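A closer look at the structure
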Amino acid sequence: MRPAHENSSASKRIAVVVCNGGAPSRGLLLQKWSAADLRVAADGGGNTLAGMGLQPDVVVGDLDSLNPEVRESLPPEAICHVPEQDTNDADKAIRYCLQREVAEIHLFGADGGRADQFLANLEVMLRYSRQARLVQWTSRERMEFIHGSWQETLAPETVVSLLPVFGRVQGVVTSGLAYPLDGHSLIPGQSPSGVSNRVTDE
């Protein structure tokens, strides 16, 4: 996958951020965890990691959700208290990663366990999506914002949805999909819909 902003350098840094939403698939998390240069818990995400027997490099947030026993099990240097309330903990954790020149961030548990938290975290992803590749994982799919171009090798029959979540998108061109777009615009509330397209060609 190579979004337009991605640095193709082999030295790019990768981070995993675990938020305080639904617990991720252990297998998928461990796959990304082992490849990461930086492992971050966004506040209560530290509880999720503790329950999985994993320790982050740092816990970032206002710390109102981190269990006291989990905090006590971590060294003081692994706690980054950010008390401001203008942003949520996912935002704070992403900023922490960007300050450490991370180029790719994989988010788990960013649904927050509530629809409003999920939508808020989509806005957070949009906010920083031109500074790094941000990928949000759930138990069933992954999501990311596209700027410019995007490539991926996907197995045939994989479902792909292209959604203009926060505004109009013009001149969309696709290849390898069952329902191609050739210079179309995707506009919220109007046809064509980009939902549930299907990969036909790797």
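Residues numbered from 1 in each chain as written. Predicted model: local features only at pLDDT ≥ 70, side-chain atom pairs only at ≥ 80, totals over all residues. Heavy atoms only, no water.

**Focus: the overall build of the protein**
When helices and strands are counted, the protein shows five helices and eleven strands. Scaling as 2.2 N^0.38, a compact globule of 202 residues should have a C-alpha radius of gyration of about 17 Å, and the protein matches this with 18 Å. Viewed in the frame of its principal axes, the protein has a C-alpha envelope of about 55 × 35 × 25 Å. Looking at the 202 residues of the protein, the share that counts as buried comes to 44%. As presented, the protein carries roughly 11,000 Å² of accessible surface, and 47% of it is formed by carbon and sulfur atoms. (Helix = DSSP H or I, 4+ residues; strand = E, 2+ residues; numbered from the N terminus. Rg over C-alpha atoms; globule rule 2.2 N^0.38 Å. Buried < 20%, exposed > 50% of the residue type's maximum accessible area, 1.4 Å probe, protein only. Areas by Shrake-Rupley, 256 points an atom, 1.4 Å probe, with all protein chains shown as cover.)

**With respect to the sheet that holds strand β7 (residues 142-143)**
Read from one edge of the open sheet, seven strands run β4-β3-β2-β1-β5-β6-β7, paired in mixed fashion. Only two strands of the sheet have a single neighbouring strand rather than two, namely β4 (79-81) and β7. Seen against the sheet, helix α1 (residues 26-35) touches β1 (13-18), β2 (38-42), β5 (102-108) and β6 (133-137) and runs at an angle of roughly 140° to β1. Across the sheet, helix α4 (residues 89-99) lies against β1, β2, β3 (58-61), β4, β5 and β6, angled at about 160° from β2, the strand it touches most. (Pairing = 2+ DSSP bridges. Contact = heavy atoms within 4.5 Å. Axes fitted to C-alpha atoms, helices over the stretch in contact; angles between N-to-C directions.)

**Quick word on a nonpolar patch on the surface**
Residues Leu126, Leu163, Val165, Phe166 and Val195 make up a contiguous nonpolar surface patch of about 430 Å² in total accessible area. Summarising the element assignment, Leu163 is placed in the loop between β8 (159-160) and β9 (169-173). Using a relative accessible area of 51% as the deciding quantity, one classes Leu163 as exposed. (Patch = residues over 30% accessible without salt bridge, like charges linked within 9 Å, V, L, I, M, F, W, Y side chains within 5 Å. Salt bridge = Lys/Arg side-chain N within 4 Å of Asp/Glu carboxyl O.)

**Remarks on the packing of α4 against helix α5 (residues 115-128)**
Two elements in contact, α4 and α5, have axes separated by 10 Å at closest approach and are oriented at 25°. If you check the angle between α4 and α5, you find them roughly parallel. In the crossing of α4 with α5, the sense of the turn from one axis to the other is right-handed. On α5, the residues that touch Ala90, Asp91, Ile94, Arg95 and Leu98 of α4 are Asn121, Val124, Arg127 and Tyr128. Taken together, the residues of the contact of α4 with α5 sort by class into five nonpolar, one polar and three charged. (Parallel < 35°, antiparallel > 145°, perpendicular 65-115°, else oblique. Left-handed = near helix turned anticlockwise from the far one by under 90°. Nonpolar A, V, L, I, M, F, W, Y, C, P; charged D, E, K, R; others polar.)

**Some thoughts on the environment of Ser139**
Here Ser139 shows up in the loop between β6 and β7. Linking Ser139 and Pro24, residues 115 residues apart in sequence, is a C-alpha distance of 6.4 Å.

**Examining the environment of Thr48**
Relative to the assigned elements, Thr48 resides in helix α2 (residues 45-51). The exposure class assigned to Thr48 is buried, which follows from its relative accessible area of 16%. Sequence separation between Thr48 and Asp116 is 68 residues; the distance between their C-alpha atoms is 20 Å. Once residues lying within four places of it in the same chain are set aside, the contact partners of Thr48 are Val18, Cys19, Gly21, Ala23 and Pro24.

**Quick word on the pattern of salt bridges**
All chains considered together, the criterion is met by ten salt bridges. The salt bridge involving Lys12 is made with Glu104; its shortest N-O contact spans 2.8 Å. Of this pair, Lys12 sits in the segment before β1 while Glu104 sits in strand β5, and the two are 92 residues apart along the sequence. Of the residues examined, Lys12 reaches a relative accessible area of 22% and is grouped as partly exposed. We classify Glu104 as buried; its relative accessible area is 6%. Here Glu144 ties to Arg133 by a salt bridge, and the two come within 3.3 Å at their closest N and O atoms. Placement of Glu144 in the loop between β7 and β8 and of Arg133 in strand β6 is noted, with a sequence separation of eleven residues between them.

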